[in-house]
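Inside the fold
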Amino acid sequence: MRIECVRTHWLRAPLSQRLGFSQCFIDAREVLWVEIITSDGTSGWGECYGPAAVCQAAVDSLYAPRLVGENPLAHERLWHRLWRETLDFARGGILMAAISGLDIALWDLKGKLLGLPVSELLGGRQSDSVAGYATGMYFRDLPEDALIEVLVEEAIGYYENGFGALKIKIGKNWAFDSRLIVAMREALPEAMLMADANHAYELSEAVGTAKLLEQCRYVWFEEPLSPEYEWQFRQLSERTDIPLAAGECEQTRHGFRRLLSPGGVQIAQPDLAYCGGITEGLKIRALASSHGVNVVPHCWGTLWNLAAASHFVASGFWEPGRLESPAPLLEVDRSPNPLRDELFAAGVEIDGSRVKVPTASGLGVVADEQAMMDFRVNRTEVR
Ligand code: MG
């Protein structure tokens, strides 16, 4: 058994309405899927989180030639080969996103070849479904009064559909953020609310926002500060009781060591399609555990990533653990994304806020290759 071919699928879907967060607006969803095919014709699939064109060039020119001819079951050895042979210029960034997608595909492939779901390869599921929280409430091109109204309506919609936990976007400006934080709490007095600033604030601004989030009973404050100033998380944590979450911009166990060592971050958020894949995600989880930090993966893509995260979360545990421990959470992006909703013949089942962990072999989801044609920008193949 050998890897015969690596294919990439660059897919793009324009959005009917621009979506924004504290750093920019986007007018399309885009992704690079990778497909690793073995000599017996089995395909493993993964996705990369990052600019698809760059990920595609990285897979085609750097990584695929190093995988072709190799044993598809040797995911750990292959990860280290890709890492070590490109280390001088690819310790992180978009090149690590390319490795991540390929690693997810190798886990999907391994599950399919062995006839086991990825959650069993990871040591077994704690439960057959995991608790999802809804991510949405992105900014729109609207005056702020109207925007707050639209965002509150959106959140109420998710809540009424069964999501008891919801994450909003903040980091626009102090006046707007304050009004939105309060309006959400007033509209949803019983909901579990989180707020994500996408590293928008200076330390002093973050302290003020943290105090308001505390008063409004939010359960975590995500990316309040720049990922470049790891020590500021400890400074902020000393002035607030709200748990701080961060890590979606971070990669590898080495990056997470830098983020977690100073203290302050209480929830680590590696994205499996960016942090180094499932193989590196397990190492990040072990590192986080040794710091007493829980992991809630960042997940903002299509169903390869959501399925991978569901297997990962289901096989994890919540620190420090007790008989009636809180359930590990899974991020479920609800913002518009045709690449997530229209390209799978078998998807991830969501019942209320419970996400069923797929039980078919591998990741357990299946691409609709016919539907992919409508969104294709470019397809490549290395053999
Ligand atoms: Mg975030």
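Refer to the preceding data block for the structure.
A brief structural summary. (Residues numbered from 1 in each chain as written. Predicted model: local features only at pLDDT ≥ 70, side-chain atom pairs only at ≥ 80, totals over all residues. Heavy atoms only, no water.)

With respect to the sheet that holds strand β16 (residues 376-382)
Going by this rule: One bridge is not enough; two strands pair if DSSP finds at least two bridges between them. Secondary structure is summarised from DSSP: a helix means a run of H or I of at least four residues, a strand means a run of E of at least two, and numbering begins at the N terminus for each. Simply put, an axis is a line fit to the C-alpha atoms, just over the touching stretch for a helix, and the angle between two N-to-C directions goes from 0 to 180 degrees. Only heavy atoms enter the contact rule, under which two residues are in contact if any of them lie within 4.5 Å.
Taken together, four strands build an open sheet; the order of strands is β3-β2-β1-β16 and the sheet is antiparallel. Of all strands in the sheet, those with a lone pairing partner are β3 (43-48) and β16, marking the two edges. Going across the sheet, the axis of each strand differs from the next one's by a mean of 20°, ignoring polarity. Direction of pairing for strand β1 (residues 3-20) relative to strand β2 (residues 25-38): antiparallel, over a ladder of 13 bridges. Across the sheet, the residue bridging to Ile-3 is Thr-38, located in β2. Lying on the sheet, helix α1 (residues 52-67) is in contact with β1, β2, β3 and β16; it crosses β1 at an angle near 170°.

Concerning the pattern of salt bridges
Stated precisely, the cut-off is as follows: Should a side-chain nitrogen of Lys or Arg be within 4 Å of a carboxyl oxygen of Asp or Glu, the pair is scored as a salt bridge. Per-residue accessibility, obtained with a 1.4 Å probe over protein chains only, is compared with the maximum for each type, and a residue is labelled buried under 20%, exposed over 50%, and partly exposed between these values.
Counting across every chain of the model gives 28 salt bridges. A salt bridge links Asp-333 to Arg-29, with the nearest nitrogen and oxygen atoms 2.9 Å apart. Here Arg-29 lies in strand β2 and Asp-333 lies in strand β11 (residues 329-333), a separation of 304 residues in the sequence. Comparing Asp-333 with Arg-29, the two get one shared label, buried. By sharing partners, the salt bridges in this structure join Arg-66, Glu-70, Arg-77, Arg-81, Arg-84 and Glu-85 into a single network.

What to know about the coordination of the magnesium ion
A metal bound by six donors in octahedral fashion has ideal angles of 90 or 180 degrees, whereas one bound by four tetrahedral donors has an ideal angle of 109.5 degrees. Basically, it comes down to this: With water omitted from the atoms examined, metal sites may look incomplete; donors here are N, O and S atoms no farther than 2.8 Å from the metal, or 3.2 Å in the case of Na, K and Ca.
Protein coordination at the magnesium ion: the donors are Asp-196 (OD), Glu-222 (OE) and Glu-248 (OE), at 2.0 to 2.2 Å from the metal. Between consecutive donors of the magnesium ion, the numbers of intervening residues give the motif D-x25-E-x25-E. Taken as a pair, Asp-196 in strand β6 (residues 192-196) and Glu-222 in strand β7 (residues 220-222) lie far apart in primary sequence, 26 residues in all. The class of Glu-222 is buried, set by a relative accessible area of 0%.

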